[in-house]
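A look at the structure
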Amino acid sequence: MHKALFKHTWLPLFFTLFFMVMTAMAQKQEIDTISIIKETREKAIQAIHKQDFEAAILNLNKANKLALNSKDDFLKSDIRYNIAELHYHLQNFQKASEEINKSITLIKSLDNNEKEIAKAYTLKGLILLNTGNYSKSELFLKDAYKIFIKLNDEVGQGQVISGLGQLDLQKNNYKSAINYFDAAIPLLQENNFSYKEAEVHLKKAEAFINLNSSPQSINLNKAKTSLEKALAIIDTNSFTKLKTDSYKTISYIALKENDYKKSEENLSLYEKKSEELYKTYMDAVSKGVDVESNVGDLNEIIATQKDDLDKKQKSIKFTQMTTGLSIALIVILSLLTLSLYKNNNLRAKANNLLKDKNTELQLAKEKAEKASLAKAQFLSTITHELRTPLYAVTGLTHLLLEEDPKDHQKEHLNSLKFSGEYLLSLINNILDLNKLEANKVELERTSFNLKKRINDVLVALKKSADDKKNKLHLEFDEGIPNKLVGDPLKLSQILINLIGNSLKFTQNGDVTVRVQSLEQKKNKIQLHFEIEDNGVGISRKKQKSIFETFSQGSLQINRKFGGTGLGLSIVKNLLELMNSKINLDSQLGKGSKFWFNLTLSVSEEAQKDKNSNNIIYDVDYVALENKSILVVEDNKINQMITKKILEKNHMQCMVADNGMDAIKIVKENKFDVILMDIHMPGISGIEATQKIRDFDKQIPIIALTAVTVDENLDDFYRAGFNDIIPKPFKTEEFFEKIYRTIKNKKLPVDS
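The paragraphs below set out a description of the structure included in this document. (Residues numbered from 1 in each chain as written. Predicted model: local features only at pLDDT ≥ 70, side-chain atom pairs only at ≥ 80, totals over all residues. Heavy atoms only, no water.)

Helix and strand counts for the protein come out as 28 helices and 12 strands. Relative to its 751 residues, the protein shows a buried fraction of 45%. Restricting the contact set of the protein to residue pairs at least 6 apart, pairs at least 24 apart contribute 69%. By element, 53% of the accessible surface of the protein is carried by carbon and sulfur atoms, the whole surface being about 40900 Å². (Helix = DSSP H or I, 4+ residues; strand = E, 2+ residues; numbered from the N terminus. Buried < 20%, exposed > 50% of the residue type's maximum accessible area, 1.4 Å probe, protein only. Contact = heavy atoms within 4.5 Å. Areas by Shrake-Rupley, 256 points an atom, 1.4 Å probe, with all protein chains shown as cover.)

This is the structure in structure tokens:
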């Protein structure tokens, strides 16, 4: 009885103990399995960060197989998240998007899923950011941030903030991006998230490279500091992918510093390392390790494994064939993925370089425009400052020559006069060239006599020819109509420069001007112009550059014959304005021939030639005697010179020191003409003229000024001036304009 009782008591107890031991062992095994899964998954994450694709795939595959038999759904969802993360780092964003969507669906079926869903939203936002869907990316990142704030998860907050910084970086909001990065770095640093911290430092450096709000040097120094912090973390942890990205950042900094060699070297290194990283991925695939089949959809994997067992039982050959086809398909897909990645990388690199180049070109354009404006302002100012003392030089020289100097004094005075006229010619040439280059020169259309115009030019250059003992010859086609329509002043300027150039480089020789008619149709005629000399000639090498600005045949020629090399450049620009081209035939020691063709209109009516631009002046000096002149001038030397020149011609002269005095004097006195300076203290000459016109519209007023007026003649006439005399002037031109203004008594343009 006792034995039976013992037997009935012992057996239940034995089975209870056995069940408890087995349950404990199962629980321990479950705990051990979960621990192994977590450890294996962490190895996979570290391998992803170091771009060791083979290790990442192997560890994820191992963790996935272990998780299939686990009851931990959170762990399964984490592995799904890591699969999406791997595709994200491979820049296979389409697949990453598919995987993270599956992960989110799985996580939402679990309880207490806030942290997991926040992580998934963060990755989803980064994937959308890289595919260009900025609005949805921002929504997912901000939803994730709200959850991380609620959970007080600083690592998660740091990742989201860095993601928002990358979003602003992509939108070119560089200052805002830097603020996000500065906020993210301490959170990542305090929680030892080294990979993300290094990535943020690199992105911050990129933002500083593109930031334009501070001086470029300061931004580049800040970019270098961020780069150094990133490299310190990268090198310590062997983050291969980030190390590769750092070469691109170094290249961009070097490009901004105009160190093109360093930029090219680091860009090449970036391309090389990128190819090496993806060769590693291809090696992993070639060894039969594939992220698509081994870490794909968990449900698909379970179904595939069962299906494989059934197939192995039915037919080993069929399984081998299926496996072979699968491997072939995987290799093809992997090759396509790599090709797409490389193409995307090349396109991104080209876009970045193009963006940098466009920025550099825009900056260069702005600098060029500022330089051009500064040059124009400088020329305007320096011209006025040069003309004012030059007027004193030429004016005093003229007065001294009029006072019957001794012969040896006359020689010095003539030299001084020549030097003054040469300096004035140089100033005018520089201004002409500046206006031509700025496209501010317009052609006039007026009727003129071509032969008379050329004869006037030859008369003006006769003294230069006589000084070099040269003879001037004109061969003119008499079949050319007397009256042509064009811009006679510009044509005279071209001929003066070309003939003057030939005279300068010819000694005891001949300079011949030829004008021939090539073709005449209706009211158009094509003319052929030649200027030939038998002077020193020009070498073939120098013929290519002789028409460039400030170009001379050689340093020796410059010292021997003088000049600035502006004349031929002006000729070239003027002819291009007239739809023509200058040509040159020359041989050293035998002379030169310049020639061009020009199409002009034939005048239908025989209009009188305007004398305002002619070189021969027609002045009745007797008619000017006793005329009353008011000189408005603030410069005492200029007052004295102008007054003496007028009084030597027996004219009565009164002087006003400024515009206000001039207005008062005009109200109290009667004058035949007023000579008005422009730049004066108080009110300007233009304002003074406008006030005089308020009470006297008849009195002739001539602007006597060192200001360059070619570009705003209409403004002067509208202000009430009858004519303009630029300083310094030729005395003949000075009296000719005064005589013509008094004689015509032309009313000014009504303002």
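Don't stop here, the text continues.
What follows concerns the pairing of strand E8 (residues 628–632). Burial of E8 is extensive: five of the five residues sit out of reach of the surface. Of the two faces of E8, the one carrying Ser-628, Leu-630 and Val-632 and the one carrying Ile-629 and Val-631 are both buried. Relative to strand E9 (residues 652–656), E8 runs parallel, the two being bridged by five bridges. The residue of E9 that forms the bridge with Val-632 is Ala-656. For the segment spanning E8, helix H24 (residues 636–648) and E9, crossover handedness is right-handed. In terms of strand pairing, E8 meets strand E10 (residues 673–676) through four bridges, oriented parallel. Paired with Val-632 across the bridge in E10 is Met-676. (Pairing = 2+ DSSP bridges. Right-handed = clockwise from strand over helix to strand, strands pointing away.)

To continue, consider the side chain of Asp-153. If you trace the backbone, Asp-153 turns up in the loop between helix H6 (134–151) and helix H7 (154–170). A polar contact is formed between the side chain of Asp-153 and the backbone nitrogen of Val-155, at a distance of 3.2 Å. Filtering out sequence-adjacent residues up to four positions away, Asp-153 remains in contact with Lys-115 and Phe-148. (Polar contact = N/O pair within 3.5 Å; in protein donor to acceptor, adjacent residues only side chain to side chain.)

Turning our eyes to something else, we now look at the packing of helix H5 (residues 114–130) against H7. Across the interface, H5 lies against H7 with an axial gap of 10 Å and an inter-helix angle of 10 degrees. Classed by the angle they form, the pair H5 and H7 counts as roughly parallel. Facing Thr-122, Leu-126 and Leu-129 of H5, the residues of H7 in contact are Gln-159, Val-160, Gly-163, Gln-166, Leu-167 and Gln-170. The residue makeup of the contact of H5 with H7, split by class, is four nonpolar, five polar and no charged. (Axes fitted to C-alpha atoms, helices over the stretch in contact; angles between N-to-C directions. Parallel < 35°, antiparallel > 145°, perpendicular 65-115°, else oblique. Nonpolar A, V, L, I, M, F, W, Y, C, P; charged D, E, K, R; others polar.)

A few words now on unusual backbone geometry. One non-glycine residue, Asn-152, lies in the positive phi region at around 55 degrees. Its identity is not glycine, yet Asn-192 carries a phi of approximately 55 degrees, on the positive side. Checked against the element boundaries, Asn-192 lands in the loop between helix H8 (174–190) and helix H9 (194–210).

Among the structural elements, Ser-569 can be located in helix H22 (residues 567–577). Using a relative accessible area of 2% as the deciding quantity, one classes Ser-569 as buried. On a C-alpha basis, the gap between Ser-569 and Phe-547 in space is 4.7 Å, while along the polypeptide they are 22 residues apart.

This next bit is on the pattern of salt bridges. A complete count under the given rule lists 29 salt bridges for this structure. Note that Glu-478 and Lys-451 form a salt bridge whose closest N and O atoms lie 2.9 Å from each other. Taken together, the residues Glu-478 in the loop between strand E2 (471–476) and strand E3 (484–486) and Lys-451 in helix H17 (residues 450–460) connect sequence positions 27 residues apart. When its relative accessible area of 56% is taken as the criterion, Glu-478 is described as exposed. Note that Lys-737 is salt-bridged to Glu-733, the shortest N-O span being 4.0 Å. Taken together, the positions of Lys-737 and Glu-733, both in helix H28 (residues 731–744) and four residues apart, correspond to about one turn of that helix. Owing to a relative accessible area of 11%, Lys-737 belongs among the buried residues under this scheme. Assessed through its relative accessible area of 21%, Glu-733 is described here as partly exposed. (Salt bridge = Lys/Arg side-chain N within 4 Å of Asp/Glu carboxyl O.)

Of all hydrophobic cores here, the largest spans 39 residues; its most connected members are Leu-450, Ile-454, Leu-484, Leu-498, Ile-499 and Phe-529. Contributing elements (two or more residues each) for this core: H17, helix H19 (488–504), strand E4 (510–521), strand E5 (524–533), H22 and strand E7 (591–602). Sort the elements by how many residues they give to this core and H19 lands first, with six residues. Beyond its immediate sequence surroundings of up to four residues, Leu-450 is in contact with Phe-476, Ile-480, Asn-482, Leu-484, Leu-491, Val-515, Leu-527 and Phe-529. The next biggest cluster of nonpolar side chains, apart from the first, holds 31 residues, and it includes Ala-177, Ala-184, Ile-233 and Tyr-252. (Core = buried A, V, L, I, M, F, W, Y, C linked by side-chain atoms within 4.5 Å.)

This next bit is on H17. The α-helix advances 3.6 residues per turn, and as a result positions three or four apart in sequence lie on the same side. Those residues of H17 that fall on the buried side of the exposure criterion are Leu-450, Arg-453, Ile-454, Asp-456, Val-457 and Leu-458. In this structure Asn-449 caps H17, since a side-chain oxygen of it lies 3.1 Å from the backbone nitrogen of Lys-451.

What follows concerns the pairing of strand E6 (residues 583–587). Inspection of the sheet shows E6 paired to E7 by five bridges, in the antiparallel sense. By the bridge assignment, Gln-587 is partnered in E7 with Gly-591. In textbook terms, the turn of a hairpin is the stretch between consecutive antiparallel strands, and for E6 and E7 this stretch comprises three residues, one of which, Gly-589, has a positive phi near 85 degrees.

Contact geometry for helix H10 (residues 216–237) and helix H11 (residues 240–256): axes closest at 11 Å, N-to-C directions at 160 degrees. Relative to H11, the element H10 lies roughly antiparallel. As for how H10 packs across H11, the hand of that crossing is left-handed. Across the interface between the two elements, Gln-216, Leu-220, Ala-223, Lys-224, Leu-227, Leu-231, Ile-234 and Asp-235 of H10 pack against Leu-242, Lys-243, Ser-246, Thr-249, Ile-250, Ile-253 and Lys-256 of H11. The class makeup of the residues in the contact of H10 with H11 is eight nonpolar, three polar and four charged. (Left-handed = near helix turned anticlockwise from the far one by under 90°.)

Per the stated rule, a full pass over the model turns up six aromatic pairs. A centroid spacing of 5.1 Å and a plane angle of 80 degrees characterise the contact between Tyr-195 and Phe-239, whose relative ring orientation is edge-to-face. Of this pair, Tyr-195 sits in helix H9 while Phe-239 sits in the loop between H10 and H11, and the two are 44 residues apart along the sequence. The residues Tyr-195 and Phe-239 share a single accessibility class, namely buried. Ring centres of Tyr-621 and Phe-735 lie 5.5 Å apart, and the angle between their planes is 70 degrees; on these two criteria the pair is classed as edge-to-face. Of this pair, Tyr-621 sits in helix H23 (residues 621–624) while Phe-735 sits in helix H28, and the two are 114 residues apart along the sequence. Sitting over the face of the ring of Tyr-81, Lys-119 holds its NZ or CZ atom 4.9 Å from the ring centroid. (Phe/Tyr/Trp six-rings, centres within 6.5 Å; stacked < 30°, edge-to-face > 60°. Lys NZ or Arg CZ within 6 Å of the ring centre and 35° of its normal.)

Turning next to the sheet that holds E10. As summarised here, the arrangement of the five strands in space is E9-E8-E10-E11-E12, forming an open sheet in which the pairing is parallel. Among the strands making up the open sheet, the edge pair consists of E9 and strand E12 (723–726). Adjacent strand axes in the sheet meet at a mean angle of 20 degrees when their direction is disregarded. Strands in contact with H24 are E8, E9, E10 and strand E11 (701–705); relative to E9, the strand with the most contacts, it is inclined by about 165 degrees. Packing against the sheet, H28 makes contact with E10, E11 and E12, and its axis sits at approximately 170 degrees to E12.

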